[in-house]
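Report on the structure
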Amino acid sequence: MIDYRKYNHIDDYDAYKRFCEKNFGNNCYQSKIDHIEWLESNKYHFINLAVLDSEIIGCFHGFKAPVKINNETQFFYSLHDLMVDKKYGTQIGLKLMQDVIFQDNPVILSGAIGRISRAYKRLGSTQFKSHWYRKFIIPYNPLRFFFLNKNFIKLTQNKMKLNFINNKEEDSRIIIESIINAYEYDDDFSREFFEWRYFQTNSPLTFFTYDDSFKNIIKFSIGLRGFIPFLRIISVIKDNDKIFLHLLRSIEDFASRIGIPVILYSVTEDILPPKELKFNEYKDIPNSFVFSKKRNLLNNFPITINGFSTDLGFDSLFYKGINEQN
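Just so it is clear, the structure is predicted and the values come from calculations on it, not from any experiment. Numbers given for residues are sequential positions, taken from 1 along each chain in its written order. Reporting of local features is limited, given that this is a predicted model, to residues whose pLDDT is at least 70; pairs of side-chain atoms are given and counted only at 80 or more, and all residues count toward the totals for whole chains, interfaces and linings. Water and hydrogen atoms play no part in the side-chain values, which are based on all heavy atoms of the structure.

**Here we look at the overall build of the chain**
For helices the rule is a DSSP run of H or I covering at least 4 residues; for strands it is a run of E covering at least 2, with both sets numbered from the N terminus onward. When its secondary structure is counted, the chain shows eight helices and 15 strands. Put simply, the radius of gyration uses C-alpha atoms, and a globule should come to 2.2 Å times the residue count raised to 0.38. In terms of overall dimensions, the chain is globule-like: its C-alpha atoms have a radius of gyration of 19 Å, near the 20 Å expected for 326 residues. Each residue is placed in one exposure class: buried if its accessible area under a 1.4 Å probe, protein chains only, is under 20% of its type's maximum, exposed if it is over 50%, and partly exposed if it falls in between. Every one of the 326 residues in the chain was classed for burial, and the buried ones make up 56%. Contacts are assigned to residue pairs with any non-hydrogen atoms lying within 4.5 Å of each other. Taking as baseline every contact in the chain between residues at least 6 positions apart, the subset at least 24 positions apart corresponds to 73%. Here the open area of atoms and residues is found with the Shrake-Rupley method and a 1.4 Å probe, where only the protein chains shown may cover a residue. Of the roughly 15600 Å² of accessible surface on the chain, 49% is carried by carbon and sulfur atoms. In this tally, Asp and Glu contribute negative charge and Lys and Arg positive charge; neither His nor the terminal groups of the chain are included. The location of each charge is read from NZ of Lys, CZ of Arg, CG of Asp or CD of Glu. Measuring between centres, the 43 positive side-chain charges of the chain sit 6 Å from its 39 negative side-chain charges.

What follows is the structure in structure tokens.
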């Protein structure tokens, strides 16, 4: 009989690591102990499991995050990493979904494709606009990425014509707080959320490029898929088309300098990449949804879901390692 229950780090880690590496892939970030400890440090995060005879055969994650509805802050559970062992049926995934989606809190379901996307639609979820593009570039040195250290990243950031900073720099906090303030989440829960998202020891490496007014901002991460390095744009604020274009061009230059050949534009804000940069839309476009048992809540559009309120960027390559010398 399948047992549906919460993850217990002390008892479940070894089995969960095996499950993740089998189903998400070898060396996947979901199996990293630093990543799990970061998730566990958030009291509003959960990992739900499906367990059969002491073997983990399914999981679904979630964390509480701020959202804007008609410019007022609401709190949704952002759901991610739904996975069922390939040798078991889809009913396990549906059970994991239903146990979480039909809760009292509204939920975010971002970046869904295929059967999962169709299941979300059948459950009565409301789709919201998100954008998924990619672009291939030629890096200065294709091998540079595999020898990165914090000094080279800092040196490269300083060569950019526009402002660049990351959340693992010792003196970055004041500037990042100004960037966060531009999103206008000023309640106590949101401040606690951003403390976890960017300043906790094991939080994913996140970069920020911005103009001096903090009215044009781009957040991005870097990672590795197989043997291919990538840069993922995960959240944007745009006030001026020309400045926004300059920021994106500067990100391309940064990616090329650190050996990255692929830039992903994966944002839940309804802001398209400029046509001048010739990004290509994904062939299979992920869909993003919200769901609430209080149906009238989702009638109050506009709704704004920023990338940091989803798991975008969780696949960033570095955690503690970015603070070490290579």
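The discussion continues.
**Comments concerning unusual backbone geometry**
Phi is positive for Asp81, which is not a glycine, with a value near 55°. Within the element layout of this structure, Asp81 appears in strand β4 (residues 72–84). Residue class for Asp81 comes out buried when judged on its relative accessible area of 10%. One non-glycine residue, Glu184, lies in the positive phi region at around 60°. One can find Glu184 in the loop between α6 (173–181) and α7 (188–199).

**Considering the packing of α6 against α7**
Helix axes use the C-alpha atoms of the stretch in contact, all axes being lines fitted to C-alpha atoms, and the angles between their N-to-C directions lie in the range 0 to 180 degrees. Close contact between α6 and α7 brings their axes to 12 Å; oriented N to C, the two are set at 130°. When the axes of α6 and α7 are compared, the pair comes out oblique. For α6 against α7, the interelement crossing comes out right-handed. Within the contact between the two elements, α6 uses Arg173, Ile176, Glu177 and Ile180 and α7 uses Phe194, Glu195, Tyr198 and Phe199. By definition in this entry, angles of less than 35 degrees are roughly parallel, angles greater than 145 are roughly antiparallel, angles of 65 to 115 are roughly perpendicular, and the rest are oblique. Two helices cross in a left-handed way if the nearer one is turned anticlockwise from the farther one by less than a right angle. They cross in a right-handed way if the turn is clockwise.

**A closer look at the environment of Phe60**
Looking at the secondary structure, you find Phe60 in strand β3 (residues 55–69). Look at Phe60 and you get buried, because its relative accessible area is 0%. Along the primary structure Phe60 and Arg295 are separated by 235 residues, whereas in three dimensions their C-alpha atoms are 23 Å apart. Non-local contacts of Phe60, meaning those with residues more than four positions away in its chain, are made with Phe46, Ile47, Asn48, Leu79, His80, Asp81, Leu82, Leu96, Met97, Val100 and Tyr120.

**Comments concerning the pattern of salt bridges**
Between side chains of opposite charge, a pair can form when the charged atoms approach closely. When a carboxyl oxygen of Asp or Glu is within 4 Å of a side-chain nitrogen of Lys or Arg, the pair counts as a salt bridge. Scanning the model with the defined rule gives 15 salt bridges in all. Taking the shortest distance from any N to any O, the salt bridge between Lys293 and Asp104 comes out at 3.2 Å. Residue Lys293 is found in the loop between β14 (287–291) and β15 (303–304), and its partner Asp104 is found in the loop between α3 (90–101) and β5 (107–112); the two are separated by 189 residues along the sequence. Among the salt bridges present, the one from Asp241 reaches Lys238, with a minimum N-O distance of 3.1 Å. Residue Asp241 is classed as exposed on the basis of its relative accessible area, which comes to 56%. By sharing partners, the salt bridges in this structure join Asp3, Arg5 and Asp12 into a single network.

**Thoughts on a positive patch on the surface**
Together, Arg115, Arg118, Lys121 and Arg122 line one region of the surface with positive charge. Tracing the backbone shows Arg122 in helix α4 (residues 114–122). For patch detection, residues must exceed 30% relative accessible area and be free of salt bridges, and they are connected within 9 Å for like charges or within 5 Å for nonpolar side chains (Val, Leu, Ile, Met, Phe, Trp, Tyr).

**What about the environment of Phe24?**
Tracing the sequence through the fold places Phe24 in the loop between α1 (9–23) and α2 (33–40). Between the alpha carbons of Phe24 and Val84 there is a distance of 9.9 Å; along the sequence they are 60 residues apart. Apart from the residues lying within four places of it in its own chain, the contact partners of Phe24 are Phe19, Gln30, Cys59, Asp81 and Met83.

**So, the pairing of strand β11 (residues 228–237)**
In terms of burial, β11 is largely enclosed, as nine of its 10 residues are buried. Criterion used throughout: strands pair if DSSP finds at least two bridges between them. Relative to β11, strand β10 (residues 217–225) is paired through nine bridges, and the arrangement is antiparallel. Bridge assignment links Arg225 to a residue of β11, and that residue is Ile228. Two elements, β11 and strand β12 (residues 262–267), share four bridges in a ladder whose sense is parallel. Bridge pairing links Leu231 to Ile263 in β12.

**Regarding the confidence of the model for the chain**
Any residue range with low pLDDT should be treated as having predicted coordinates unsuitable for detailed reading. A residue's pLDDT is the predictor's confidence in that residue, given on a scale from 0 to 100. This prediction gives the chain a mean pLDDT of 92; 96% of its residues lie at or above 70. Confidence over residues 319–326 falls short of pLDDT 50; this stretch has 24 contacts with residues more than four positions distant or in other chains.

**Some thoughts on the environment of Ser190**
Tracing the sequence through the fold places Ser190 in helix α7. Overall, the relative accessible area of 0% leaves Ser190 in the buried class. On a C-alpha basis, the gap between Ser190 and Ser266 in space is 22 Å, while along the polypeptide they are 76 residues apart. For Ser190, the contacting residues outside a window of four places in its chain are Pro66, Thr73, Phe75 and Tyr185. In the analysis that follows, any N or O atom pair within 3.5 Å is treated as a polar contact, provided that within protein one partner can donate a hydrogen and the other can accept it, and provided that, for residues neighboring in sequence, both atoms belong to side chains. Reaching out from Ser190, the side chain makes a polar contact with the side chain of Asp187 at a distance of 2.7 Å.

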